[in-house]
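# Residue-level structure breakdown
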Amino acid sequence: MGVKRYVAKRTLQAIGVVYVVATAVFVAVRSVPGDPARLVLGGNAEPDELAAVRAELGLDQPIHVQYYRWMADLARGDLGDSIYTGQSVGASIANAAEPTLSIGLVGITIAILIAIPAGIVSATRRDRWEDYVATGVAFLGISMPSFWIGIVLLLTVGTAVPAIPSFGYASISEGVVPWLSHVILPAAAVGLPYAGIITRMTRSSMLEVLSEDYMQTARAKGLPPRLVLFKHGLQNALMPVVTVAGILFALLLGGIVAVEMVFGVQGFGRLLIRSIERQDFPIVQGSVIVVSIIFVFMNLFVDLLYMSINPKIKYGGGA
Amino acid sequence: MSLLDIEDLSITFPVEGGPDVPAVEGIDLSVEAGEIHGLVGESGSGKSVTARSVMRLLDDAEVGAKRFDYRGEDLYDKSEAEMRQVRGDEIGMVFQDSLSALNPVMTVGEQIAEVVRHHGDVEESTGLLSELRRKYITGTSTSAPSWRRAVSLLETVGIPDPETVATSYPHQLSGGQRQRVMIASALGGDPSLIVADEPTTALDVTVEAGILGELRRLCDELDVAILLITHDLGVVAETCDSVTVMYSGSVMERGRTDQLFENPVHPYTKGLLRSIPEGASTGGELTTIPGSAPEPTDRPDGCPFRDRCPAAFDACSEPLPEHVVDDGHVSHCHLYTEGDDPGEVTWDAPAATNGSLDGTTERTHTEVTDG
Ligand SMILES: Nc1ncnc2c1ncn2[C@@H]1O[C@H](COP(=O)(O)OP(=O)(O)OP(=O)(O)O)[C@@H](O)[C@H]1O
Ligand SMILES: [Mg+2]
């Protein structure tokens, strides 16, 4: 089957996954103790006010009607409105998403730019000082949580380099330079643990590849060593790394929530934490659904990437 | 002058926290231009390490030789850069396991074409960036001279529909086709010597016969010499002009194939030949030499074969002598000191097994004597 049909099939599956997540969210929110209407109005609200708010939120309807409305709204892309601000959930998330996505994508980019070369050097210079340095730094990155790296970066680079602001966020619409200068430290904080893991994976996978027969064949052809490494080795070595990229992405998102706190960025993580504190359940449930959609498509993207570098895998085939 | 002329080659693997492994101990090996020379021996006798030493691919071994001449120039005097001009260009290599020896993520056409670009007379850039661009971005153009040469090489080695096969990945081809691809890629630089390390061991008998026939034809038509490594005397009888018999890191006997098969002098060679089936019709009981070869770290002094040799005597613990039987026919055995007639060597009751030296496969080589 061709790539288009494969993507179509996987998209249908993704919709199924999101449907299940949406149902789970619906059930979970309604089994949490506490009355959302009372939360909105505060402790000493009048009963008729409470009833009005419940009606507005649709909570006076029978459960199956609520479920139907929830799904129907979702299908239209309507995630409801924030209980607190009254702003639509979609708009709230969209506003918060830009800084978070910026940090995430720049973080991944930093991680890959550091980790793949470091892993290759580590493998090709095995047991020499380059390997020890790369391994040491990688373990340092893996063993420190992102928010801690963030605090350290803030106190060192953030204070030492005046051009790098240590607080807040500037939208990319204000220009690339202010945007990047705000994003670079939090991105490094989330990217470094990620880089540590990818470095180690690239190293071990490259070491395995270096001992493969086809690498000896490539040498026996009289090809120069760098060509043997980058033409015959690299793609094979990256395959196992790509397969875990999806899982690592989840790790990275988790790191962003804490890092946004450290750098005072009004991002998605902040929005989520604030909404949980305030029991702003439309935002919480909307966020869970958006995150699940991001994950499903991230995994699809990773799978497509894997297939594009592994000719043994056919679209639609089992493995 | 021989094309490849090696004298007193020793290959030792240093082992951390253990005794070094003397995989090869002082062997001579020579290959004449345009001939097929068989290097035959049991598993572990040192054939593969010898083959890789010719390409200088042994990074973790100490290689020493009085002489390691290719076309009169010592390969071990060359710089690594000069050696890259020998690999692929002068000497091509074919490995046993074609599935693992071919790169799984490259089309076989490109795996041949890159050799043509680096060593053939096509005017295509071979810089790192151009090669990486071809690999990761544009692919190799099917109208490029190197690609067309790759397709014609596939045709040369007897692959039908070479245009389609060239665009295939290794896992999409059969074992026999893959081995032909390996041979085509070894031919890509128009070498004078091909080192083929058990190119047919992984294949079944009919496919093997086809590949061996192909090697013979290439040798005759393209005038390329082949160092053919095998543990199968049937393959030698069928394909080789001359042969070197190895046993546990040493050479036992060498000479032209007809000399060795008609007049074997070393008890080891005699034992091996006795174990070859007498013909397709006899089938039945085959014999082989009782016992097994010693580990490289555990060889007796002198002749490594003496613990299994029915004719062993006191002198066998002395270093191996050289005995010239005939022009080009040399045996390394203490039985043949000047003027002595060793008489008949007799063997104990034959063990029932096959004619293959590895003692494990069930294949018999019916084509050996009736072919
Ligand atoms: N990298 C290595 N380190 C240590 N010992 C090695 C190494 N490579 C080979 N040897 C040893 O060298 C000896 C010869 O090995 P080699 O692979 O040349 O045998 P072979 O004749 O090709 O056998 P086979 O028919 O099984 O391929 C063996 O005893 C092997 O254990
Ligand atoms: Mg071998």
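Everything numeric in this text was worked out from a predicted model, so none of it was measured.

### So, the packing of helix 11 (residues 268–278) of chain A against helix 12 (residues 281–309) of chain A
All names here are of chain A. Where helix 11 contacts helix 12, the two axes come as close as 9 Å, and the packing angle between them is 145°. Along this stretch, helix 11 crosses helix 12, giving a crossing that reads as left-handed. Here Phe 268, Leu 271, Leu 272, Ser 275 and Ile 276 of helix 11 come into contact with helix 12, specifically with Ile 283, Val 284, Ser 287 and Val 291. Of the residues that constitute the contact of helix 11 with helix 12, the class distribution is seven nonpolar, two polar and no charged.

### A closer look at the site of ligand 1
Residue and element names in this part refer to chain B. The environment of ligand 1 is made up of 14 residues, and the closest members are Ser 43, Gly 44, Lys 47, Ser 48 and Val 49. The separation between an oxygen atom of ligand 1 and a polar side-chain atom of Glu 198 is 3.1 Å. Counting residues per element, the ones that place at least two in the shell around ligand 1 are strand 2 (21–31) and helix 1 (47–54). Residue contributions to the shell around ligand 1 peak at three residues, all from helix 1. Among the residues making up the shell around ligand 1, the classes are represented as five nonpolar, five polar and four charged.

### Some points on the domain arrangement of chain A
Often, the extent of an interface is quoted as the loss of accessible area upon association of its parts. All names here are of chain A. On domain assignment, one finds that chain A holds domain 1 (1–83 + 279–319) and domain 2 (95–272). Distance between the C-alpha centres of domain 1 and domain 2: 30 Å. A combined buried area of about 1,200 Å² lies between domain 1 and domain 2, and 86% of that area is made up of carbon and sulfur atoms. If you sort the residues of domain 1 by the area they bury against domain 2, Phe 295, Tyr 306 and Ile 309 come out on top, with a joint share of 39%. At the junction of domain 1 and domain 2, the tally comes to zero salt bridges.

### Some remarks on the pairing of strand 11 (residues 250–256) of chain B
Residue and element names in this part refer to chain B. Counting buried positions along strand 11 gives six out of seven residues, so the element sits mostly inside the fold. The pairing of strand 10 (residues 242–247) with strand 11 spans six bridges and is antiparallel. The residue bridging Met 246 from the neighbouring strand is Val 251, located in strand 11. Taken together, strand 10 and the strand that follows it, strand 11, pair antiparallel across an intervening segment of two residues, in which Ser 248 is found at a positive phi of about 45°. In terms of strand pairing, strand 11 meets strand 14 (residues 329–331) through two bridges, oriented antiparallel.

What counts as what
- Residues numbered from 1 in each chain as written.
- Chains lettered and ligands numbered in written order.
- Predicted model: local features only at pLDDT ≥ 70, side-chain atom pairs only at ≥ 80, totals over all residues.
- Heavy atoms only, no water.
- Axes fitted to C-alpha atoms, helices over the stretch in contact; angles between N-to-C directions.
- Helix = DSSP H or I, 4+ residues; strand = E, 2+ residues; numbered from the N terminus.
- Left-handed = near helix turned anticlockwise from the far one by under 90°.
- Contact = heavy atoms within 4.5 Å.
- Nonpolar A, V, L, I, M, F, W, Y, C, P; charged D, E, K, R; others polar.
- Near = heavy atom within 4 Å.
- Polar contact = N/O pair within 3.5 Å; in protein donor to acceptor, adjacent residues only side chain to side chain.
- Domains from an automatic or database assignment.
- Buried area = accessible area lost by both parts, 1.4 Å probe.
- Salt bridge = Lys/Arg side-chain N within 4 Å of Asp/Glu carboxyl O.
- Buried < 20%, exposed > 50% of the residue type's maximum accessible area, 1.4 Å probe, protein only.
- Pairing = 2+ DSSP bridges.

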